[in-house]
Protein chains: 2
Amino acid sequence: MKHKRTVLAPWWDLISLSVVALTGLLATGVLLADDAAATPDMGLDTPLPSWNEGPAKQAITAFVEQVTTPGSADFVLPADRIATFDNDGTLWPSHPMYTQVAFALDRVKALAPQHPGWKTTEPFKSVLTGDMSGVAASGEKGLLELVMATHTGMSTAEFEKTVTDWFKTAKHPKFNRLYTELAYQPMLELLDYLREYGFTTYIVSGGGVEFMRPMTMAVYGIPSQQVIGSSVKTQYQVVNGKPELMRKPTINFIDDKQGKPVGINQFIGKRPIAAFGNSDGDREMLEWTGAGSGARLMMLVFHDDAQREYAYGPAEGLPDTKFGTFSQALMDEAKDKGWFIIRMKDDWKRIFAQSQ
Amino acid sequence: MKHKRTVLAPWWDLISLSVVALTGLLATGVLLADDAAATPDMGLDTPLPSWNEGPAKQAITAFVEQVTTPGSADFVLPADRIATFDNDGTLWPSHPMYTQVAFALDRVKALAPQHPGWKTTEPFKSVLTGDMSGVAASGEKGLLELVMATHTGMSTAEFEKTVTDWFKTAKHPKFNRLYTELAYQPMLELLDYLREYGFTTYIVSGGGVEFMRPMTMAVYGIPSQQVIGSSVKTQYQVVNGKPELMRKPTINFIDDKQGKPVGINQFIGKRPIAAFGNSDGDREMLEWTGAGSGARLMMLVFHDDAQREYAYGPAEGLPDTKFGTFSQALMDEAKDKGWFIIRMKDDWKRIFAQSQ
């Protein structure tokens, strides 16, 4: 059950820690920081217009030139230009809680009428009364109950519809915009830029694969078959003559830490030549990517922009929020191994696309 | 342990049944039937030149026109043109034994010097002395031992090299050609034809995914990320400073029968619109494919050509070889549900590409 601890720990921590953050934000009605004040260079011929000139942008363009220039010693065939991206905290915010946890809490509230017993049973009772410290007190076991109660027991088709509907209206508490509008603009440009140069872009996330797939094409241009994530077991069964895949309350795979190289190998069967993350959970993915021969690009998004997004990470004395932890050890290893740090504050002209 | 039985049963049966077939063929030195005698229409503008005109070819071309003609009521966007193919018996022969079993037996012989105890321990002893009935007597437990002893305990990189090397020299006992030269020419044309019309082609096989991947691109034009198969658990570890994925002697996933829709959903996240198989193990994949809305194409290769390849299948009074079984129930269901039967004898002008 080592894996269970691995995956539950961050979820658990974020629940307990988000008590303060979430209630505080909701109470004060903090709105979107004015990121539109920046004047992005939108010249069509300029790659990565939302990136400031600097070591991060330079590392990207130099690497792409290196592996795509025919005749270059480090030339890589298009079929092998695999780039993997963590999702939460790398492509969109992971604060004040993972988007999937916000979904789980909303689903408990939506499903409560069908479960009268939840009113008096923890951890559901605490979720329904908004008592986040009560949720926290239920421990890992409680969180697992919340996840399984909201993510399993239905067909994959039903779950997909529920997730799709949720993303149509669910808004981020700080930015007051749909979660699907909060992909980082510089990362969207990076995804496009890599694809333009023949890369295949994958998401490799600790999040649930069937939670992400309903939005990845629209938000990131990444189709379902290029989304690798955690999963529950599914069971094929024919109900009223109709075949269905039922989502069972059993963990199938945890795509975090050591699980990321395992998932990459299982789904892609090739080693990436570029990998992007933002936390200790991405360490092994970057290590695995970097251990291949030839040119490699490993990058970590560092959240140091409290005004436009969030600032956390003990590596630079920022708060250790426990969710999406960027530890001192990771920062040291990055320096040692030549993994590039993307500093939101310095490297990104803007964080999100224009407000709509 | 239901899954274990499911996967082991066919392997096991083929081992026991192939005793007669294999020893007979090796003894008599049966060689390749002269499939080159056929005169394929190789006109560049004619699709599927190795297919005879008939209901199978017509079903394919009509379906492709239906889903790819803009404005057609059944038009399908290229991103959703997913076609899945079983491998053994559908894209290449599964007789006299699955290619992967031939590999396992060869590996036992190759590894024997490092395992002196095998000389006196079943089922290894029987493999080493060529006593296939002794192998059979070791039962499912014995077969699992053979598979785990030859497929696990090394890194994924080492296993890939071993498989790649094996495919360079291993020959099919009946046709006396490399296994990699025995893809069915009509199916290769079908794969190309579908891709030409914007389909993405996947292999969905009960065989081991890491056994297939080293050859699927060269043989079928199918890259590793489009190969779904059975797998063992892998574990990420750093050995002498080098990260590796170690193949563990534990089954991770069995991609057969009900496992095929499960694997398709897990890896692709979309339902295929076309599926091709040849045995009872493909039944659920075809059922799952057919249960989607819009135009669908489900086809089963029926082996009725003893002269050019093999003839088996109780559906038409042919031998029930247990490996790649095409049962009467499957034939009945195919007729009932409009799944097309591809008859090797009638539908294919030739079986293999030209001899080299």
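Below is a summary of the structure that appears in this document. None of these values were measured; they are calculated from a predicted model.

**A look at the relation of the copies chain B and chain A**
Between chain B and chain A, which share one sequence, the superposing operator has a rotation angle of 180° and an axial displacement of 0.0 Å; the RMSD is 0.0 Å. The two molecules are tied by a two-fold rotation axis, judged by turn and shift. Considering only C-alpha atoms, the part of chain B nearest the rotation axis is Phe 267 of chain B, at 3.3 Å.

**So, helix H6 (residues 139-151) of chain A**
Residue and element names in this part refer to chain A. Between its first and last C-alpha, H6 extends 18 Å over 13 residues, near the 18 Å set by a 1.5 Å rise per residue. Considered for burial, the residues of H6 that qualify are Gly 139, Gly 142, Leu 143, Leu 144, Leu 146, Val 147, Met 148, Thr 150 and His 151. Residue Gly 153 follows H6 closely and has a positive phi angle near 90°.

**A few points about the interface of chain B and chain A**
Between chain B and chain A, the contact holds 28 residues from the first and 27 residues from the second. Between chain B and chain A, a total of about 2,600 Å² is buried, with carbon and sulfur atoms accounting for 53% of that surface. Our count for the contact surface shared by chain B and chain A stands at 14 residue pairs in polar contact (both at pLDDT 80 or more). When contributions to the side of chain B that touches chain A are tallied by element, the ones reaching two or more residues are helix H9 (209-220), strand S3 (227-239), strand S4 (242-253), helix H10 (259-267) and helix H11 (283-290) of chain B. Broken down by element, the residue count for the side of chain B that touches chain A peaks at five residues, all from H10 of chain B. Considered class by class, the residues forming the side of chain B that touches chain A number 12 nonpolar, 10 polar and six charged.

**Looking at the side chain of Thr 289 of chain A**
Residue and element names in this part refer to chain A. By the secondary structure assignment, Thr 289 is in helix H11 (residues 283-290). Note on Thr 289: relative accessible area 0%, which makes it buried. Apart from the residues lying within four places of it in its own chain, the contact partners of Thr 289 are Arg 271, Pro 272, Ile 273, Ala 274, Ala 275, Arg 296 and Met 298.

**Digging into the side chain of Arg 308 of chain B**
Along the polypeptide, Arg 308 of chain B turns up in the loop between strand S6 (297-302) and helix H12 (328-337). At a separation of 2.8 Å, a polar atom in the side chain of Arg 308 of chain B contacts the main-chain carbonyl oxygen of Lys 349 of chain B.

**Topic: the sheet that holds strand S7 (residues 340-343) of chain A**
Residues and elements named next belong to chain A. Pairing within the open sheet is mixed, and its seven strands lie in the order S4-S3-S2-S1-S5-S6-S7. This sheet does not close on itself; its edge strands, each paired only once, are strand S4 (242-253) and S7. Taken over all neighbouring pairs, the strand axes of this sheet differ in orientation by 35° on average, direction set aside. As judged from the four bridges shared by strand S1 (residues 82-85) and strand S2 (residues 200-208), these two strands associate in the parallel manner. Residue pairing for S2: Ala 83 is matched across the bridge by Thr 201. Of the strands in this sheet, strand S3 (227-239) and S4 touch H6, which is tilted by about 170° from S4.

**Side note on the packing of helix H2 (residues 55-68) of chain A against helix H8 (residues 185-196) of chain A**
All names here are of chain A. Orientation of H2 relative to H8, taken along the N-to-C sense of each, is 15°, at an axis distance of 11 Å. Viewed along their axes, H2 and H8 adopt a mutual orientation that is roughly parallel. The interaxial crossing formed by H2 with H8 has right-handed handedness. Across from Ile 60, Thr 61 and Val 64 in H2, the residues of H8 making contact are Leu 190, Tyr 193 and Leu 194.

What counts, and where the lines are drawn
In this convention, every chain numbers its residues from 1, walking through the sequence in written order. Whichever chain is written first is A, and whichever ligand is written first is 1; the rest continue in order. In keeping with the predicted nature of the model, local features appear solely for residues at pLDDT of at least 70, side-chain atom pairs appear and are counted solely at 80 or more, and the whole-chain, interface and lining totals rest on all residues. Only heavy atoms go into the side-chain values, all of them from the structure, while hydrogens and water stay out. Superposing the copies works by least squares over the C-alpha atoms of residues that have pLDDT at least 70 in both of them. Helix numbering and strand numbering both begin at the N terminus, where a helix is a DSSP run of H or I of at least 4 residues and a strand a DSSP run of E of at least 2. Expected span, for any helix, means 1.5 Å times one less than how many residues it has. Each residue gets one of three labels from its accessible area relative to the maximum for its type: buried under 20%, exposed over 50%, partly exposed in between, using a 1.4 Å probe on protein chains only. Contacts are assigned to residue pairs that have any heavy atoms within 4.5 Å of one another. By definition, the buried area sums, over both parts, the 1.4 Å-probe accessible area that each loses when the two are put together. Contacts described as polar in this section are N or O atom pairs within 3.5 Å, which, within protein, must combine one atom able to donate a hydrogen with one able to accept it, while residues neighboring in sequence count only if both atoms come from side chains. In this classification, Asp, Glu, Lys and Arg are treated as charged, Ala, Val, Leu, Ile, Met, Phe, Trp, Tyr, Cys and Pro as nonpolar, and every other residue, Gly included, as polar. In this scheme, strands are said to pair when DSSP sees at least two bridges between them. Only C-alpha atoms enter the line fits that serve as axes; for helices the fit covers just the stretch in contact. Angles between N-to-C directions range over 0 to 180 degrees. Any angle between 65 and 115 degrees counts as roughly perpendicular, while under 35 counts as roughly parallel, over 145 as roughly antiparallel, and the rest as oblique. Should the near helix be turned anticlockwise from the far one by less than a right angle, the crossing is termed left-handed; should it be turned clockwise, right-handed.

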